[in-house]
Amino acid sequence: MAMNPMEQFEVKPLVPLHIGGYDLSFTNQSLWMCIVVGAASIFLLYAGASRRLVPTRAQSMAELGYEFVANMIHSTAGDAGLKFFPFVFTIFMFVLLSNFFGLLPGSFTVTSQIAVTFALAAVVILTVILVGFLRHGIGFLKLFAPKAPWYLLVLLVPIEVISFLTRPISLSVRLFANMLAGHTMLKVFAGFVIALGATAITPKPYWSVLSIAPMFLIVAITTLELLVAFLQAYVFAILTCIYLSEALYLHDQH
Amino acid sequence: MDLASAKQIGAGLACVALVGAGIGIGNVFGSYLSGALRNPGAAASQTTNLFLGFALCEATGLFGLVIALIILFT
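This is a predicted model, so every value here is computed, not measured. (Residues numbered from 1 in each chain as written. Chains lettered and ligands numbered in written order. Predicted model: local features only at pLDDT ≥ 70, side-chain atom pairs only at ≥ 80, totals over all residues. Heavy atoms only, no water.)

A. Representation of the environment of threonine 184 of chain A. All names here are of chain A. Of note, threonine 184 is situated in helix α6 (residues 167-197). With relative accessibility at 16%, the residue threonine 184 sits in the buried group. Distance from threonine 184 to proline 5, taken between C-alpha atoms, is 5.5 Å for residues 179 residues apart in sequence. Setting aside its immediate chain neighbours within four residues, threonine 184 contacts Pro5, Met6, Gln8 and Phe9. (Helix = DSSP H or I, 4+ residues; strand = E, 2+ residues; numbered from the N terminus. Buried < 20%, exposed > 50% of the residue type's maximum accessible area, 1.4 Å probe, protein only. Contact = heavy atoms within 4.5 Å.)

B. Region of interest: the layout of surface pockets. Residue and element names in this part refer to chain A. Its volume calculated, the largest pocket comes out at about 410 Å³. For the largest pocket, the lining is made up of 18 residues, of which Gln8, Leu104, Pro105, Gly106 and Lys187 are closest to its centre. If you list the elements that add at least two residues to the lining of the largest pocket, you get α1 (28-49), α6 and α7 (212-249). When its residues are assigned to classes, the lining of the largest pocket shows eight nonpolar, seven polar and three charged. (1 Å grid on protein atoms, 1.4 Å probe; cavity = no way out; pocket = protein on both sides within 12 Å on 5 of 7 lines; lining within 4 Å. Points joined across faces, edges and corners; volume = space filled by probe spheres on them. Nonpolar A, V, L, I, M, F, W, Y, C, P; charged D, E, K, R; others polar.)

C. Molecular detail of a nonpolar patch on the surface. Residues and elements named next belong to chain A. A grouping of Trp150, Tyr151, Leu152, Val154, Leu155 and Ile159 is seen on the molecular surface, where their side chains present a nonpolar patch of about 720 Å² in accessible area. For tryptophan 150, the location among the structural elements is in helix α5 (residues 150-165). Taking relative accessible area as the criterion, tryptophan 150 reaches 67% and is therefore assigned exposed. (Patch = residues over 30% accessible without salt bridge, like charges linked within 9 Å, V, L, I, M, F, W, Y side chains within 5 Å. Areas by Shrake-Rupley, 256 points an atom, 1.4 Å probe, with all protein chains shown as cover. Salt bridge = Lys/Arg side-chain N within 4 Å of Asp/Glu carboxyl O.)

D. Inspection of the nonpolar core at higher detail. Ranked by size, the top nonpolar core spans 60 residues in total, and within it Val69, Met72, Val88 and Phe236 of chain A carry the most contacts. If you list the elements that add at least two residues to this core, you get α1, α2 (57-81), α3 (85-102), α4 (114-136), α6 and α7 of chain A together with α3 (47-73) of chain B. Core analysis: the next-biggest nonpolar cluster, separate from the first, contains nine residues, Phe9, Val173 and Phe176 of chain A together with Leu69 of chain B among them. (Core = buried A, V, L, I, M, F, W, Y, C linked by side-chain atoms within 4.5 Å.)

E. Main features of the packing of α1 of chain A against α3 of chain A. All names here are of chain A. Interhelical geometry of α1 versus α3 gives an angle of 120 degrees and a closest axis separation of 9 Å. It follows that α1 is oblique to α3 by the angle criterion. The chirality of how α1 crosses α3 is right-handed. On the side of α1, the interface is formed by Trp32, Met33, Ile35, Val36, Val37, Ala39, Ala40 and Leu44, while α3 contributes Phe89, Met93, Phe94, Leu97, Ser98 and Phe101. Residue composition of the contact of α1 with α3, by class: 13 nonpolar, one polar and no charged. (Axes fitted to C-alpha atoms, helices over the stretch in contact; angles between N-to-C directions. Parallel < 35°, antiparallel > 145°, perpendicular 65-115°, else oblique. Left-handed = near helix turned anticlockwise from the far one by under 90°.)

F. Representation of the interface of chain B and chain A in the model. On the side of chain A, 18 residues touch chain B, which itself brings 14 residues to the contact. Of the roughly 1300 Å² buried at the junction of chain B and chain A (both faces included), carbon and sulfur atoms supply 83%. It is Thr48, Phe51 and Phe63 of chain B in chain B that bury the most area against chain A; as a group they hold 33% of the surface buried on that side. In this structure, the connection of chain B to chain A is made through zero salt bridges. The tally of links between chain B and chain A comes to one residue pair in polar contact (both at pLDDT 80 or more). For the side of chain B that touches chain A, the residue count by class is twelve nonpolar, one polar and one charged. (Buried area = accessible area lost by both parts, 1.4 Å probe. Polar contact = N/O pair within 3.5 Å; in protein donor to acceptor, adjacent residues only side chain to side chain.)

G. The pattern of salt bridges, seen in detail. Residue and element names in this part refer to chain A. Counting across every chain of the model gives one salt bridge over all chains. Residue arginine 167 pairs with glutamate 246 through a salt bridge whose shortest N-O separation is 2.9 Å. With arginine 167 in helix α6 and glutamate 246 in helix α7, this residue pair connects regions lying 79 residues apart in the sequence. Assessed through its relative accessible area of 12%, arginine 167 is described here as buried. Overall, the relative accessible area of 21% leaves glutamate 246 in the partly exposed class.

Geometric descriptors of this kind do not, in isolation, establish any biological role.
What follows is the structure, given as structure tokens:
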């Protein structure tokens, strides 16, 4: 009985495809990304199709998501940030649905792969840099030099540069590590249930009754994971907004 | 001690970084609650800062976890 809690994160090719020395296979990872994007698109198209004054259930769910993200952008990045609503909403929906679909039994968690989360974080940071330079020109570099006496700037500028450069790493690692740790924990506790339940065929079968305890724990942890799945999507989106607002307004208050 | 067992011990030690993250996250939410209970009117406006503090705090601990994973899988 080989139970490896990390087995669920294995990327397996479904349709092998090798072009010019590159492995471009269609993997279970690609399949679940397609499912997530398809589900989000179908849901939003279906919910957005009925533009009634008194919304249907699906429409009010979509409106809830819209207003949630719109309020989040408005409170952090102001009016100028609302131009980036499609960008932030797309990222939020993708991360949220990936996290939720990953909680289905037997599914694959797209966001538990550092390649996916780092690509998302890189897109965010490159957008921030692009917006900053387009809006402020070379003045965007003032972001790294807050108003301070020169002897403090000697210290502050390297700190600001390092903190800016670690953003894509922390943004991607946070999401990836949370998903990885949560799903590994679920599998480890599932292993406890099976290991305790398997004592039923040993000379001391009464121990197998104890397997109900980790079973209840799994239920509790799954609830916690639902919260984490939402919270990480929220944190990812709100940090995107905060980084965008820094690029839009530099250090000025708006 | 051979390299394989040293790797396992090193990965375990690297996870100690999560102790700091735990203390930090507890501190962030504890301070937020004590502030929010004293001045509930200002609580809603500070949720953004709350999650920002939580996220930054968690990230520092997770760097330790990443180092553990790098040790184990390289």
